[in-house]
Amino acid sequence: MTVILGVVMTVIIHVEMTVILGVVMTAGVNQLGGVFVNGRPLPDYVRRRIVELALLGVRPCDISRQLLVSHGCVSKILTRFYETGSIRPGSIGGSKPKQQVATPTVVKKILRLKCENPGMFAWEIREQLTAASRGYHMAEPQRSFYA
């Protein structure tokens, strides 16, 4: 009876969520009978319950069956929790911020080279920086596909 009530509550919450978002999203049913909205994160209360059960010593496969959530989803949430301490989902879409390639020292050197010789090509600047990095132990700039 508790499992049926849990499934009904999950269905109601997911249907309400799709109405609140104002977007028509189709809710699916996984192999365990759990309801999910494709592309959307699992609700926080389910994420919290997964972590609580894991901290009580329940195995991920048992958590999966009990909460009607796929084993992969349980594993992903627990891995994130163990690594970061957070149960929050990652961002949806977008791209990760680029790692800074040019240090402030390299940028200053590039600007100085461009001021001294405005017609200098990128490959010439790269060669100058590489030569300087051997002498000053500066980080060698990465080669860009487009530069």
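Cut-off values and rules
Residues numbered from 1 in each chain as written. Predicted model: local features only at pLDDT ≥ 70, side-chain atom pairs only at ≥ 80, totals over all residues. Heavy atoms only, no water. UniProt positions renumbered as here; feature names shortened; annotations may be inferred. Salt bridge = Lys/Arg side-chain N within 4 Å of Asp/Glu carboxyl O. Helix = DSSP H or I, 4+ residues; strand = E, 2+ residues; numbered from the N terminus. Buried < 20%, exposed > 50% of the residue type's maximum accessible area, 1.4 Å probe, protein only. Core = buried A, V, L, I, M, F, W, Y, C linked by side-chain atoms within 4.5 Å. Contact = heavy atoms within 4.5 Å. Polar contact = N/O pair within 3.5 Å; in protein donor to acceptor, adjacent residues only side chain to side chain. Axes fitted to C-alpha atoms, helices over the stretch in contact; angles between N-to-C directions. Parallel < 35°, antiparallel > 145°, perpendicular 65-115°, else oblique. Nonpolar A, V, L, I, M, F, W, Y, C, P; charged D, E, K, R; others polar.

Labelled according to an unreviewed UniProt entry, the protein chain appears under the name Paired box pox-neuro protein-like, originating from Hyalella azteca. In its Subcellular location (unreviewed entry) section, UniProt records this for the protein chain: "Nucleus".

Visitor: Explain the pattern of salt bridges to me, please; I cannot follow it from the model alone.
Guide: If charged atoms from side chains of opposite charge come close, those side chains can pair. By the definition in use, this model includes five salt bridges. The partner of Asp44 in a salt bridge is Arg88, with the nearest N and O atoms 2.5 Å apart. One end of the pair, Asp44, is in helix H2 (residues 44-55); the other, Arg88, is in the loop between helix H4 (71-84) and helix H5 (104-116), with 44 residues separating them in the sequence. Judged by its relative accessible area of 28%, Asp44 is partly exposed. We note a salt bridge from Asp62 to Arg65, for which the minimum N-O separation is 3.0 Å. Separated by three residues within a single helix, Asp62 and Arg65 lie in helix H3 (residues 60-67), roughly one turn from each other. On the accessibility criterion, Asp62 (26% relative accessible area) is partly exposed. Each of the salt bridges in this network shares a partner with another, and the network as a whole consists of Arg59, Asp62 and Arg65.

Visitor: Help me understand the nonpolar core in this model?
Guide: Most often, soluble globular proteins keep nonpolar side chains buried together rather than apart. Residues Leu42, Ile50, Val51, Ile63, Val74 and Leu78 are the most contacted members of the largest nonpolar core, which totals 13 residues. At the level of secondary structure, the elements contributing two or more residues to this core comprise H2 and H4. It is H2 that provides the largest number of residues to this core, a total of five residues. If near-sequence neighbours (up to four positions away) are discounted, Leu78 is found in contact with Ile50, Val51, Ala54 and Pro60. Judged by nonpolar contacts, the second largest core, of five residues, contains Leu113, Met120, Ile125 and Leu129.

Visitor: When you look at the environment of Arg80 in this model, what are you seeing that I'm missing?
Guide: Among the structural elements, Arg80 can be located in helix H4. Judged by relative accessible area, which is 35%, Arg80 ranks as partly exposed. It is 9.3 Å that separates the C-alpha atoms of Arg80 and Gly90, two residues lying 10 residues apart in sequence. Non-local contacts of Arg80, meaning those with residues more than four positions away in its chain, are made with Gly85, Ser86, Arg88, Pro89 and Gly90.

Visitor: Explain the environment of Thr130 here, please?
Guide: Take Thr130: it is sitting in helix H6 (residues 122-136). Judged by its relative accessible area of 11%, Thr130 falls in the buried class. Among the polar contacts listed, one links the side chain of Thr130 to the backbone oxygen of Arg126, at a separation of 2.7 Å.

Visitor: Explain the packing of H2 against H4 to me, please; I cannot follow it from the model alone.
Guide: Each pair of packed helices can be summarised by the angle the axes make with each other and by the distance between the axes. Packing of H2 against H4 leaves a shortest axis separation of 10 Å and a crossing angle of 75°. When the axes of H2 and H4 are compared, the pair comes out roughly perpendicular. Contacts between H2 and H4 involve Arg47, Ile50, Val51, Ala54 and Leu55 on the former and, on the latter, Val74, Ile77, Leu78, Phe81 and Tyr82. Residues of the contact of H2 with H4, tallied by class, amount to nine nonpolar, no polar and one charged.

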